[in-house]
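So you can see what is in the structure, the chains are spelled out below.
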Amino acid sequence: AALAELYKKDDSITIILDLSNTTGLTKLNDQAFYGCKNLEGIIIPEGLSDLGNGVFQGCTNLKTVEIPETVINLGAGTFSDCVNLETISIPKAIKNIENETFSGCENLKSIQISEGLENIGDNAFSGCKSLLTVTIPESIKSIGTSVFSDCDSLVSLNYKGTEFQWDSIDKDSNWNYKSPSSMVINYKSICKDNVAEVIKSMTQSGTIKVTGEIDDATITDIKNALKALDSTIKINLDLSDTVGLDT
């Protein structure tokens, strides 16, 4: 309320709010700082675990946020329309990026997402026009609709898993609606050092594309891994981009 009143009096005054030495706060309630246009930065205290829905929505001058590793929940629209937010790091304990969490963050250039994230909600990054690349952890299980819509500068998604694992993710049929047509998805390479492990981890039929140098020992490892698979799982093995086998 105090920040809102300050904005009414003088919208040129901005505040960096340091809560790092406070105690007793475990949650920021829904829309706690909604529309506080004077808020330029905030340091959230250790011990806080929950950021409610729309906590910082419409904080148009917010540039920096320090989120402690104790946070386990980001509500829907937490940073929606924070048009000057430039970078943010998602705590490792976060399992879900909810609907519209970062929608309309036009100047967001960098986001650090830790392994452990499982779900990305609808329109989570829509309108993030300055994002160039996003790294998606191998732990992802589902991706909602229009996640990267109107992300005009987005060049690539770097997925930490294999192409087969990417295809196995529960993705909405319109997950990439209005994403740049030139956006590419990069996957973890499958090489002789991990191909057997990848095959053994497969739970459904699919294609395995191996790249780089392989040898007779690699073929033996692949054969043994295939023999260990459930007979209902069918593998299409693509070795067209490998080198090293005797002709």
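Quick caveat, the model's predicted, so the values are computed rather than measured.

## Digging into the environment of Lys160
Then comes step 1: Here Lys160 shows up in the loop between strand E13 (156–159) and helix H2 (163–168).
Then comes step 2: Among the residues examined, Lys160 registers a relative accessible area of 49% and is labelled partly exposed.
Then comes step 3: When residues no more than four places from it in sequence are discounted, the contact partners of Lys160 are Thr135, Ile136, Pro137, Glu138 and Lys188.

## Observations regarding the nonpolar core
Then comes step 1: Counting 49 residues, the largest nonpolar core has Phe56, Phe79, Phe102, Phe125 and Phe148 as its most contacted members.
Then comes step 2: Taken together, the elements giving at least two residues each to this core come down to strand E3 (39–43), strand E11 (133–136) and E13.
Then comes step 3: Apart from the residues within four sequence positions on either side, Phe102 is in contact with Phe79, Ile88, Ile90, Ile97, Leu108, Ile111, Ala124, Phe125, Ser126 and Cys128.
Then comes step 4: Ranked by size, the runner-up nonpolar core spans 14 residues in total, among them Ile199, Val210, Ala225 and Leu229.

## Structural notes on the packing of aromatic side chains
Then comes step 1: In the structure shown here, the tally under the stated rule is 7 aromatic pairs.
Then comes step 2: Seen in terms of ring centroids, Phe33 and Phe56 are 5.5 Å apart; in terms of plane orientation they differ by 10 degrees. Their pairing is stacked. With a gap of 23 residues between them, Phe33 in the loop between strand E2 (27–28) and E3 and Phe56 in the loop between strand E4 (50–51) and strand E5 (64–66) connect regions that are remote in the sequence. Here Phe33 and Phe56 have matching classes, each one buried.
Then comes step 3: Aromatic side chains Phe102 and Phe125 sit 5.5 Å apart centroid to centroid with 5 degrees between the ring planes, which places their arrangement in the stacked category. Here Phe102 is found in the loop between strand E8 (96–97) and strand E9 (110–112), whereas its partner Phe125 is found in the loop between strand E10 (119–120) and E11, with 23 residues between them in sequence.
Then comes step 4: Following the ring pairs from residue to residue traces out a cluster consisting of Phe33, Phe56, Phe79, Phe102, Phe125 and Phe148.

Quick notes on the rules
- Within every chain, residues take consecutive numbers counted from 1 along the sequence as written.
- Where local features are concerned, this predicted model is filtered to residues with pLDDT of at least 70; where side-chain atom pairs are given and counted, the filter is 80 or more; whole-chain, interface and lining totals use all residues.
- The basis for the side-chain values is all heavy atoms of the structure; hydrogens and waters are excluded.
- Secondary structure follows DSSP: runs of H or I at least 4 residues long count as helices, runs of E at least 2 residues long count as strands, and numbering of each begins at the N terminus.
- Whether a residue is buried, partly exposed or exposed follows from its accessible area with a 1.4 Å probe, protein chains only, as a fraction of its type maximum: under 20%, in between, or over 50%, in that order.
- Two residues qualify as a contact provided that any one of their heavy atoms is within 4.5 Å of a heavy atom in the partner residue.
- Throughout, nonpolar core names a set of buried Ala, Val, Leu, Ile, Met, Phe, Trp, Tyr and Cys residues whose side chains join them through atoms within 4.5 Å.
- Centres within 6.5 Å make a pair out of two Phe, Tyr or Trp rings, where for Trp the six-membered ring is used; the pair is then stacked when the planes are under 30 degrees apart, edge-to-face when over 60, and tilted otherwise.

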